[in-house]
Amino acid sequence: MANSKWIATIASIWIQCSSGASYAFSIYSSVLKSSQGYDQSTLDTISVFKDIGANAGVLSGLLYFYAAVHGRRLAGGPWVVHVAGAIQCFAGYFLIWLAVAGVISRPTVPLMCFYMFLAAHAQTFFNTANVVTAVQNFPNYGGTIVGVMKGFLGLSGAILIQVYQTILRGNPTSFILMIALLPSITPLLLMCLVTIAPANTVDEKKHLNGLSMVAVTVAVYLMILIIIENIFSLPLWVRIVTFLVLLLLLGYPLKIAISARRDEVQCSSQTLSIETYPLMDERESLQSFTDTDSHDVNKNLLQAMKTLDFWLLFIAMACGMGSGLATINNMNQIGGSFGYNTIAINTLVSLWSIWNFSGRFGAGYVSDIFLHKKEWARPLFIAITLATMTIGHVIIALGFHGNLYMGSIIVGVSYGSQWSLMPTITSEIFGVMHMGTIFNTISIASPIGSYLLSVRVIGYIYDEHASGKGNSCYGTKCFMLSFLIMACVTLFGSFVALVLFFRTRKYYRFVVVRRLRHSAKW
């Protein structure tokens, strides 16, 4: 039972639920800024190092390849990657907590940037171990399983905030200590269950749909809970009850895994087990496709970087992920400039996790449907979601009443979509053998875009208008120009994604879709 891919999936989901501390940066950014005496540009610089750490996962991809692919016969596996992540997570956030709490002397800005980088870098190790293992276990439904994994990671910010509000009752300094402990302990407890076991013996889609329904239920429950908390002041006993209900919902996937495992046992006694193969290992289809020079199976990182497709995907992600990160990292200051109170801002941060989840899960699931049924190449959905994100940025720039709620929904969903589409497209174009290294390299586009837009655009323009105590700025002038610039950036990214779509649509039709129809029915 322990080496079942379904149990591995549930363990990965639970690890993902605790791994997204970087998405809750706005909860403690104010106390970090005040305790260390930072201005807005300095805080944005530190947040960029958080983004770099959370996205620069090349080392995690290399470690996964050597530990989980080459090292399986030597007692290696995804657990090695989880251990490396847990060590970094605890060390980084614990040092930040010591500085904010005044236990150690105030570190220099470069040193604080390093602490933040180390803490956030752990997320790439957890994410790589869970996502790449899931894709290898479910090669026929890459979009769906990546959407589920990335979706729960997107929800983790809201889940951690629920823990914070239930147990810590609004103490952001203690929240930093909590995210040093909880995301480090959880993977150490569950890592031995996350194994590569890709045997295909049951109706995978049925059980994956079950996990998808649980994910949607958790998201809806969190959204309702966040809205209620914004309207009413809940007593402690109510918070405890709602938190226990959340834990029960997160535990329900175990029932699905047990049911799927039971079906596997019954099926294996009646039919021969079907051996699955890497997502891009369809040799006959590749030979029948004329463009084999640009689309070869299982490219390594250097081979992938020599292709135009890699750089088109990289540029599109810099535009979409960069502007999305710049938005969430500055949510506290954006809300303050528009006159939102602390409760409303915390609500926006929590709801961002819901919209982030909706994009991650929805884009993976919907793109799978259109790929299987309509033969639509997945890059088209990147173009659509980036064009939609442009509208969200314009809405935030206009500054009308309620604009931040509406704009954050559009930007959050569109931003989350990139995180399920990009890894899946990477596995389909470049293969799964080096997937962890390649998609983590493309993820570096996110902090690059975030730095340019958050520090060089948002931070600079904000500080130009800031005045008075705390270098604060109020009114639409603080962010209007910044978000209009970001709208232009995401529109450009949409055109880049369209170029990638036209370059790969024949490849998807004659290789990817053919393999899917050969191996399984929708």
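Before any of the text, the structure's been laid out above.
In short, a report on the structure.

Cut-offs and rules
- Residues numbered from 1 in each chain as written.
- Predicted model: local features only at pLDDT ≥ 70, side-chain atom pairs only at ≥ 80, totals over all residues.
- Heavy atoms only, no water.
- 1 Å grid on protein atoms, 1.4 Å probe; cavity = no way out; pocket = protein on both sides within 12 Å on 5 of 7 lines; lining within 4 Å.
- Points joined across faces, edges and corners; volume = space filled by probe spheres on them.
- Nonpolar A, V, L, I, M, F, W, Y, C, P; charged D, E, K, R; others polar.
- Helix = DSSP H or I, 4+ residues; strand = E, 2+ residues; numbered from the N terminus.
- Buried < 20%, exposed > 50% of the residue type's maximum accessible area, 1.4 Å probe, protein only.
- Contact = heavy atoms within 4.5 Å.
- Disulfide = S-S within 2.5 Å.
- Axes fitted to C-alpha atoms, helices over the stretch in contact; angles between N-to-C directions.
- Parallel < 35°, antiparallel > 145°, perpendicular 65-115°, else oblique.

**Comments concerning empty space enclosed by the protein**
What the rule picks out here adds up to three cavities of 30 Å³ or more. There is about 200 Å³ of room inside the largest cavity. Contributing to the lining of the largest cavity are 24 residues, with Tyr23, Ala54, Asn55, Gln123 and Trp419 lying nearest its centre. For the lining of the largest cavity, the class distribution of residues is eleven nonpolar, nine polar and four charged.

**Comments concerning the environment of serine 417**
Looking at the secondary structure, you find serine 417 in helix α18 (residues 403–430). Judged by relative accessible area, serine 417 falls into the buried class, the value being 4%. The spatial distance from the C-alpha of serine 417 to the C-alpha of serine 358 is 7.8 Å, given a sequence separation of 59 residues. Residue contacts for serine 417: discarding those within four places in its chain leaves Gly359, Arg360, Ala363 and Thr385.

**Remarks on the environment of lysine 374**
Tracing the chain through its elements places lysine 374 in helix α16 (residues 342–374). Relative accessible area serves as the criterion here: at 55%, lysine 374 is assigned to the exposed category. Taking the C-alpha atoms as reference points, lysine 374 and valine 513, 139 residues apart in sequence, are found 9.6 Å from one another.

**Structural notes on the state of the cysteines**
Applying the stated criterion to the full structure yields one disulfide. Here cysteine 473 pairs with cysteine 478 through a disulfide, and the sulfurs are 1.9 Å apart. Looking along the S-S bond of the cysteine 473-cysteine 478 disulfide, the torsion reads about -90°, which is the left-handed sense. An identical accessibility class is assigned to cysteine 473 and cysteine 478; each is buried.

**Brief notes about the packing of helix α2 (residues 25–36) against helix α5 (residues 78–100)**
Two elements in contact, α2 and α5, have axes separated by 10 Å at closest approach and are oriented at 55°. Our classification of the angle between α2 and α5 gives oblique. Contact with α2, carried on its side by Tyr28, Val31, Leu32, Ser35 and Gln36, involves Tyr93, Ala99 and Val100 of α5 and no other residues of that element. Considered class by class, the residues forming the contact of α2 with α5 number six nonpolar, two polar and no charged.

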